[in-house]
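Remarks on the overall topology
Listed below, chain by chain, are the residues.
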Amino acid sequence: MKCELFPFQQKALDSLHKCCAIAQQNYGAMRVPQVISFTAPTGAGKTIISSALIEQIFCGSPNVPEQPNAIVVWLSDSPELNKQSRDKIETKADRIQIGQCVTIEDESFDQEILEDGYIYFLNTQKLSKTSNLTSHSDSRQYTIWETLNNTILQKSDHLYMIIDEAHRGAKTNQTSIMQSFIKGNEYCPPMPVVVGMSATIERFNALIAGTTSSQHFVRITPEEVRQSGLLKDLIKIFSPDDSLENKEMGVLQAATDEWEDKWAHWHQYCKEQHYKYVNPIFVIQVENGKGEQISATDLDECLSVIEKRRNSKFAEGEVVHCFGNHTDITINGLTVRYVEPSRIQDDDNIKVVFFKESLTTGWDCPRAETMMSFQHAVDSTYIAQLLGRMIRTPMQMHIQVDESLNFVHLYLPHFKADTVSAIVDELQKGEGGIIPTSQDNVGGKRKTTRLSIKQNNTSETGQNTDNGQGQNSGDSQEQSADTTQKQDSEGNKEQPAEPNTGQKSEISQEQSSESSQKEETQAGQEQSSESNQEHNSENNSNQDSQPSSDTTANPSSSTNDDTTGKVTNNQEISNDSSFDQMEIMRQINSLGLVSYKIRETQINDYAESLFKLAHLLTQSGLWHDAIKTILKEVVSKIDDYISVLKKDGVYDSMAEKVLEIKLTKKVFDTLGNAVDDDKQLSFFTSSNADLERQFRQANILLYNEGIGETYGQLHSDKNDDDAYKIQFILYAGNDDCITELKNYAETRFHGLVDQYRIAINKLDDKYKRQYDTIVSNGDVISKHTFNLPENFEITFDENYTKCTDHLFLDDFGFAYFKLNKWESTTLNEERQRKGFVCWLRNQDRKSWALCIPYKINGKHKAMYPDFLIFSKTEDGGYHISILEPHGDQYADALPKAQGMAEYAKQNATTLDSIQIIRIFDDYTTGKQHCRRLDLSKSAIQKKIMNLSTPDDLNNLFITDGFVEYNLSDKCE
């Protein structure tokens, strides 16, 4: 394949190929049809996986020999889908030859039997009784059913069928053309081996359950796809607040602002990371028209509002439509051409797409990141299905630097909270349910703000010197994400509300056509700005009223400590010392602080991970000879093995076995029943072709890294051209050699990870991302470098604390967090320390968050300590302290403490301190204070690792914990 498969795709591919091989064997032995059910969520890359499957069927895999004479029939119910699938196979499967793909055309196709080595594309629309393919004529000797029947009778041992979107036509109470291939019909028996693939496979599974076919199942889980970075992190659905006037155009303005913001952030990211620009598309679903009316939605007003909002006119070709009339139309004086849905993604000039209900079939457009729908609540199912087509990431990866690029936005002016919930329910039932979905109001009290790092934001008060007029680091110079004054449709100037919401859309959401209404709305927006952070579904309770940062903590076990310390609205905490956010981020990112990723299972074996890492080191320039060196080290192991065989006098006899093949036969009667057992006929000397086949198979077994060719370059024999091939085959076929190779790879892999982890962090984002993927897939617990992003988003509504000393701030110099008693007490003590600069809320389960592994009940888990504290050093640098206020009411208290102790031991030279903290009552003063255990001290580490019960940890706080009484007194 020209593209490298993601680990979950490779895993599914291996399972599919094994199932196909088993199915062929079963059919050959029992003549029972075999059906493989392949289910994968939208965005999993089913067609890519199927393309790789076809390639492996023809060319072989480590576990299944090649079948160059195979015949594959690809079936769908749409010529458009067939065309897309064929294009993908021809462009991505590089071992499929030009001309191997054949589309069966009803006008020209007439064959007695399908030819070996070809992939035939067939759609059910051409199999109806009235189709030319299904009837004889002067120009057609064989119907398509006769061709398929003849092929099944003569070539069943290498015939495969793949059914795309297998759920279509699979209703058990109906008879469809697709079902003929599963059940057979009067013209043709069932296909021997069928692979049915779909994102919603239930109907297909119900269909095959009612047949006599043997069934095999391959499934990709939603979480596997999400973790890969192929899908967005969050779907944000916005509906209008009751107070919002002129809902349709007000929400359209908000959606336009969001789309413009995406343009600015994608432009900045691609420019900095040297990627091809991602031009996000604004998708607008309008209502159907009546009579000759194109749409009940005023298209002229829509385009006018968007152009006024962005203060720029569109050029011809930037706005297109997918309406059913398939002709160019004029909208607000602009010629708007028709474009087929399947062609939108590849046309970088397209910015806005108007459509009605035509973007479900043949539409695959990851660039479509913002959607506005004028449809009404009755269309919730359809909108949910449509949104499922927008959840793919444009660059097929998670963006760590700029979190806003991992969200997809949907704006619904005719939906309210209850009807939005219907869409969310549909998403949870269907393909989009794998992605967390948040609901918000346009013009409501709940706010979303983007906290970011600014280039120049210091002043004597520590607040932003630009007073909210600066730009996010991800914005381009032409566009400010939040604070630039804009004009509404009446030409009125609009001022930003506080707190800044991180989106222009939030500012404008309460705007109406009347300036008095707009002023009222702005006043209401400012009144509602004093609101608190509320987490979306993927965040855990450590930012709510619980002191634990573990997502498994039981909220019902909250103590009084957690509930009595809620701060009131309007509370503001200021920092009297200035700090340079960018300088702190640069120094922190350069330290190489370790963060971990924890997976339930290892994706790749160490040898595969080693080769991938060596390629990355070579491509990045960190070690130009990395892959050459690793290959030579592996080749030396082959050389050692062959030397031992020759020394022991067994090489010649083993080489002869490689050159021998066994010929077997099986005889069937006319009904397909076996009449005798397999009989070994004789031994034959292997032909050159068979030796080449075994050599290719050995190369595949050894990760297709060219080890055999490298060995041949160093150990070729002029007198025996085949000697090195035989030696390589012997090595690859020896289990002990493979085990020893994997042991070597494990040690070498971990050595390179430790050697280059920090150096990788200084490279471009694409190399860091490749490294993270390779290392994550290579180990259950993998080491990564803690890297701060440039911005991330938070959501809040009430009871927040407004801070100016958080490392990330909005455009007005504030951050907004809900802090419980333990957290606020801990931070108040830290603020009094000499050298204190700022703090960071470690965001649970964010891709950039600092993660520490711990073990509980025999399983590895991930924890995210609450705070990182940054303090100034005498030489102008910064210390990092990690603080975790954690209650004793949680069963994970001791395992987490031990995980943090081990982490502190490994990062002793990087961290100033790492502490677990508890709140205690001081009966002598009547006040509460923090009692701390400093895990950076080796004596404390040793004691914690020897503890066995939670009570032991409680006692350690009493005997070895320390208290900052003077600081607590100042905080009360």
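In this report, we go over the structure that sits alongside the text. (Residues numbered from 1 in each chain as written. Predicted model: local features only at pLDDT ≥ 70, side-chain atom pairs only at ≥ 80, totals over all residues. Heavy atoms only, no water.)

1. Here we look at the overall build of the protein
Put simply, the test is: In this text, helices come from DSSP runs of H or I with a minimum length of four residues, and strands from runs of E with a minimum of two, each type numbered from the N-terminal end. Exposure categories follow from relative accessible area, calculated using a 1.4 Å probe and restricted to protein chains: below 20% of the type maximum is buried, above 50% is exposed, and the middle band is partly exposed. Only the protein chains shown count as cover for residues, and the accessible areas themselves come from Shrake-Rupley with a 1.4 Å probe.
Looking only at helices and strands, one finds 28 helices and 36 strands in the protein. Per-residue burial for the protein yields a buried fraction of 58% across its 972 residues. On the protein, roughly 40,600 Å² of surface is accessible, and the fraction owed to carbon and sulfur atoms is 45%.

2. Quick word on the packing of helix α17 (residues 626-647) against helix α22 (residues 735-760)
Applied cut-off: Fitting a line to C-alpha atoms yields each axis, with helices limited to the stretch in contact; the angle taken between N-to-C directions then spans 0 to 180 degrees. Our angle categories are set so that under 35 degrees counts as roughly parallel, over 145 as roughly antiparallel, 65 to 115 as roughly perpendicular, and the remainder as oblique. Take the far helix as the reference: if the near one is turned anticlockwise from it by less than a right angle, the crossing is left-handed, and if turned clockwise, right-handed. In what follows, residue pairs with any heavy atoms lying within 4.5 Å of each other are defined as contacts.
With their axes 11 Å apart at the nearest point, α17 and α22 run at an angle of 150° to one another. What the angle tells us is that α17 and α22 run roughly antiparallel. When the axes of α17 and α22 are compared, the crossing they make is right-handed. Taking contact as the criterion, the partners of Thr 629, Ile 630, Glu 633, Val 634, Lys 637 and Tyr 641 in α17 are, on α22, Cys 737, Glu 740, Leu 741, Tyr 744 and Arg 748.

3. Quick look at empty space enclosed by the protein
Just so we agree on the cut-off: Points on a 1 Å grid over protein atoms alone make up a cavity when a 1.4 Å probe fits among them but cannot get out, and a pocket when they form an open set with protein on both sides within 12 Å along at least five of seven lines; lining residues each have an atom within 4 Å of a point. Grid points are joined across faces, edges and corners, and a volume is the space filled by probe spheres set on the points. Residue polarity is assigned by list, with Asp, Glu, Lys and Arg as charged and Ala, Val, Leu, Ile, Met, Phe, Trp, Tyr, Cys and Pro as nonpolar; anything else, Gly included, falls into the polar class.
Evaluation of the coordinates by the stated rule reveals 10 cavities of 30 Å³ or more. A volume near 70 Å³ is recorded for the second largest cavity. Residue lining of the second largest cavity: Met 863, Glu 884, His 886, Ala 893, Lys 896, Ala 897, Met 900, Ile 916, Arg 918, Leu 953 and Phe 957, and that is the complete set. For the lining of the second largest cavity, the secondary-structure elements that each account for two or more residues are α25 (893-906), β34 (913-922) and α27 (950-960). Among the elements that make up the lining of the second largest cavity, the one with the highest residue count is α25 (four residues). Of the residues belonging to the lining of the second largest cavity, the class tally is seven nonpolar, one polar and three charged.

4. Considering the pairing of strand β9 (residues 281-285)
What counts, and what does not: A pair of strands is considered paired only if DSSP assigns at least 2 bridges between the two.
Judged by how many residues are buried, β9 sits mostly within the fold: five of five residues are covered. Of the two faces of β9, the one lined by Ile 281, Val 283 and Gln 285 and the one lined by Phe 282 and Ile 284 are each fully buried. Two strands pair when backbone bridges link them, and β9 and strand β14 (residues 368-373) are joined in this way by five bridges, in the parallel orientation. By the bridge assignment for β14, Gln 285 is matched with Ser 373.

5. Things to note about the sheet that holds strand β3 (residues 101-103)
In spatial order, the strands read β3-β4-β2-β5-β6-β1-β7; together these seven strands make up an open sheet with parallel pairing. Looking at the sheet topology across the chains shown, the edges are occupied by β3 and β7 (214-219). Neighbour-to-neighbour, the strand axes of this sheet turn through a mean angle of 20°, independent of strand direction. Taken together, the six bridges between strand β1 (residues 34-39) and β7 define a ladder with parallel strand orientation.

6. Comments concerning the packing of aromatic side chains
Condition: Two rings belonging to Phe, Tyr or Trp (six-membered ring only in the last case) form a pair when the distance between their centres is within 6.5 Å. Interplanar angles under 30 degrees mark stacking, angles over 60 mark edge-to-face geometry, and anything in between is tilted.
A full pass over the atoms with the stated rule returns 24 aromatic pairs. Aromatic side chains Phe 6 and Phe 8 sit 6.3 Å apart centroid to centroid with 25° between the ring planes, which places their arrangement in the stacked category. Per residue, the accessibility class of Phe 6 equals that of Phe 8, and both read buried. An angle of 80° between the planes, with centres 6.1 Å apart, marks the rings of Trp 266 and Tyr 269 as edge-to-face. In this pair, Trp 266 and Tyr 269 are both assigned in helix α8 (residues 247-273), three residues apart and thus about one turn of the helix distant. Counting every residue linked through ring pairs, the aromatic cluster contains Trp 259, Trp 263, Phe 282 and Phe 314.

7. Points about the pairing of strand β6 (residues 193-198)
Burial analysis of β6 places six of its six residues in the buried class, which makes it a mostly covered element. Burial along β6 is two-sided: the face carrying Val 193, Val 195 and Met 197 and the face carrying Val 194, Gly 196 and Ser 198 are both buried. As paired strands, strand β5 (residues 159-164) and β6 are joined by four bridges and run parallel to one another. Bridge pairing in β6 links Met 161 to Val 194.

8. Brief notes about the pattern of salt bridges
Working definition: two side chains of opposite charge can pair if their charged atoms are close together. Note the cut-off: Every case where a carboxyl oxygen of Asp or Glu lies within 4 Å of a side-chain nitrogen of Lys or Arg is listed as a salt bridge.
Enumeration according to the criterion identifies 36 salt bridges in this entry. Measuring nitrogen to oxygen at the nearest pair gives 2.8 Å for the salt bridge that ties Asp 257 to Arg 309. Residue Asp 257 is located in helix α8, and its partner Arg 309 is located in helix α9 (residues 299-310); the two are separated by 52 residues in the primary sequence. In this pair, the class of Asp 257 matches that of Arg 309, namely buried.

9. Considerations on helix α6 (residues 202-209)
Convention followed: Each direction from the helix axis to a C-beta atom contributes to the arc, which is the arc of those directions.
Among all positions of α6, only Phe 204, Leu 207 and Ile 208 are buried. The arc enclosing the buried residues of α6, seen along the axis, measures out at 90°, which places them on a common side. With respect to the buried face of α6, the exposed residues turned more than 90 degrees away are Glu 202 and Ala 209. Structurally, α6 contributes buried residues whose contacts are with β1, α5 (177-183), β6 and β7.

10. Brief notes about the state of the cysteines
Worth spelling out the cut-off: Cysteine sulfurs are considered disulfide-paired once they come within 2.5 Å of each other.
Counted according to the given criterion, the structure contains zero disulfides. The thiol sulfur of Cys 20 is not disulfide-bonded, and the nearest other cysteine sulfur, from Cys 19, lies at 7.2 Å. Residue Cys 20 is classed as buried on the basis of its relative accessible area, which comes to 1%.

11. Some remarks on unusual backbone geometry
Of note, Glu 165 is a non-glycine position whose phi angle comes to about 50°, a positive value. Mapping Glu 165 onto the fold places it in the loop between β5 and α5. Look at Tyr 703: it is not a glycine, yet its phi comes out positive at around 70°. One can find Tyr 703 in the loop between α19 (688-701) and α20 (707-715). Judged by relative accessible area, which is 18%, Tyr 703 ranks as buried.

12. Here we look at helix α21 (residues 723-732)
Extensive coverage of α21 is indicated by the burial of 10 of its 10 residues. Looking only at α21, the buried set comprises Ala 723, Tyr 724, Lys 725, Ile 726, Gln 727, Phe 728, Ile 729, Leu 730, Tyr 731 and Ala 732. On the buried face of α21, the contacting elements are α17, α18 (651-658), α19, α20 and α22.

13. Things to note about the side chain of His 216
Within the element layout of this structure, His 216 appears in strand β7. Classification of His 216 as buried rests on a relative accessible area of 13%. Beyond its immediate stretch of four places on either side in the chain, His 216 contacts Cys 19, Ile 22, Ala 23, Asn 26, Gln 34, Val 35, Ile 36 and Ser 37.

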